[in-house]
Amino acid sequence: MSSTESTSREPVFLQFGQQPDEPGAIVRPDARRHYPDDVLARLRADAEVIIARYPQARSALLPLLHLVQAEDGHLTPAGIEFCALAVGLTSAEVMAVATFYSMYRRTPTGDYLVGVCTNTLCAVMGGDEIYADLHDHLGLDGPGTTDDGRVTLERIECNAACDYAPVMMVNWEFFDDQTPASARQVVDDLRAGRTVTPTRGAPLCTFRETSRLLAGFPDTRPGANDGAPGDATLVGLRIAREHDMRAPAGPDESTELPSTEPATTEPTTTTPDEEA
């Protein structure tokens, strides 16, 4: 390449940091920066339980982020610093992990995080309509939280429940085969304080309580372990069994097809100590 060619090319600029349309920022003027001593003591006790499950402290970072999210309802500079000190990382390293995953919230979140899937299949089946209807019903200007702090509405990416599209999730629990009317009923019940139970599993708890469960603490709600695969999930396997359709077996693999019947054994609940 000649010197003329190398100097005549346009320079390439790389943009780093948060994109203009990226929602939320963890470091804000009103964000919590420090925990009081009593909160720190409680978080440290919980963090010790979590970290003890892992061979290296830094491996506990994801559940620790859920722990501080359970404290604040979203991630704050105080929570980032706490996690960094707990696992021996820098705040920048923790921030890089925290901003990679969408389950860690960057802005204050309502008691119930309502996510409507608008990926291709759910959108085709009515997800866009459900989101637009809820948006108007809740009086929101785009994604956001209702004035009473009860509901935060957002679009979500595919959560692997395409068998039951269109799907809505509340605090990461599934509401299958939704319509605009059924979705409105769910959010109205939540705002009114009525008990709401997802398609499978236990009655909903708040977003902060859900975050604590995701940190790895026991879920004692009746029905928390319920939810065997439904008919839409098993129909393909059932057809394969009826037609004796089998994938080629490898040298050490069986061609036996799994059963389509739900497991008959009672689910067990483990404690953090048993998991460790």
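See above for the structure.
Residues numbered from 1 in each chain as written. Predicted model: local features only at pLDDT ≥ 70, side-chain atom pairs only at ≥ 80, totals over all residues. Heavy atoms only, no water.

> Would you mind going over the pairing of strand E1 (residues 112-117) with me for this structure?
On any regular strand, side chains alternate: one points to one face of the sheet, the next to the other face. The buried fraction of E1 amounts to six of the six residues, a majority that puts the element mostly inside the structure. The sheet contact formed by E1 and strand E3 (residues 151-156) spans six bridges and is parallel. Each bridged residue has a counterpart across the sheet, and for Tyr112 the counterpart in E3 is Val151. As judged from the three bridges shared by E1 and strand E4 (residues 168-170), these two strands associate in the antiparallel manner. The residue bridging Val114 from the neighbouring strand is Val170, located in E4. (Buried < 20%, exposed > 50% of the residue type's maximum accessible area, 1.4 Å probe, protein only. Helix = DSSP H or I, 4+ residues; strand = E, 2+ residues; numbered from the N terminus. Pairing = 2+ DSSP bridges.)

> I would appreciate a short explanation of the nonpolar core in the present structure.
Nonpolar side chains in soluble globular proteins tend to be buried together. Counting 27 residues, the largest nonpolar core has Leu64 and Leu65 as its most contacted members. At the level of secondary structure, the elements contributing two or more residues to this core comprise helix H2 (37-51), helix H3 (61-72), helix H4 (77-87) and helix H5 (91-98). When near neighbours in sequence (up to four residues on either side) are disregarded, Leu65 contacts Leu75, Ile80, Cys83, Val94, Val97, Ala98 and Tyr104. In this structure, Tyr112, Ile130, Phe175 and Leu204 belong to the second largest nonpolar core, which totals 19 residues. (Core = buried A, V, L, I, M, F, W, Y, C linked by side-chain atoms within 4.5 Å. Contact = heavy atoms within 4.5 Å.)

> What is the right way to look at the sheet that holds E3 in this model?
Sheets are built from strands that pair by backbone hydrogen bonding, the pairs being arranged parallel or antiparallel. The strand order E2-E3-E1-E4-E5 describes an open sheet built from five strands, whose pairing is mixed. At either margin of the open sheet sits one strand with a lone partner, and together these are strand E2 (144-145) and strand E5 (173-175). As judged from the two bridges shared by E2 and E3, these two strands associate in the antiparallel manner. Along E3, the bridge assignment pairs Thr145 with Thr152.

> Would you take a moment to explain the environment of Leu213 for this structure?
Position of Leu213 among the secondary structure elements: in helix H9 (residues 207-214). Note on Leu213: relative accessible area 24%, which makes it partly exposed. Sequence spacing of Leu213 and Leu67 is 146 residues, and the spatial spacing of their C-alpha atoms is 8.6 Å. In this structure Leu213 touches Cys205, Pro218, Asp219 and Arg221, once residues within four positions along its chain are discounted.

> Got a minute to help me understand the pattern of salt bridges in this structure?
Oppositely charged side chains can pair when the atoms bearing their charge come close. All told, the structure shown has 14 salt bridges when counted by the stated rule. The salt bridge involving Arg155 is made with Asp128; its shortest N-O contact spans 3.2 Å. Linking Arg155 in strand E3 with Asp128 in helix H7 (residues 127-137), this pair joins segments that are 27 residues apart in sequence. Looking at Asp128, the relative accessible area reads 38%, which means it is partly exposed. Linking Glu173 and Arg221 is a salt bridge whose minimum nitrogen-to-oxygen distance equals 3.6 Å. Of this pair, Glu173 sits in strand E5 while Arg221 sits in the loop between H9 and helix H10 (231-242), and the two are 48 residues apart along the sequence. According to the relative accessible area criterion, Arg221 is buried, its value standing at 19%. (Salt bridge = Lys/Arg side-chain N within 4 Å of Asp/Glu carboxyl O.)

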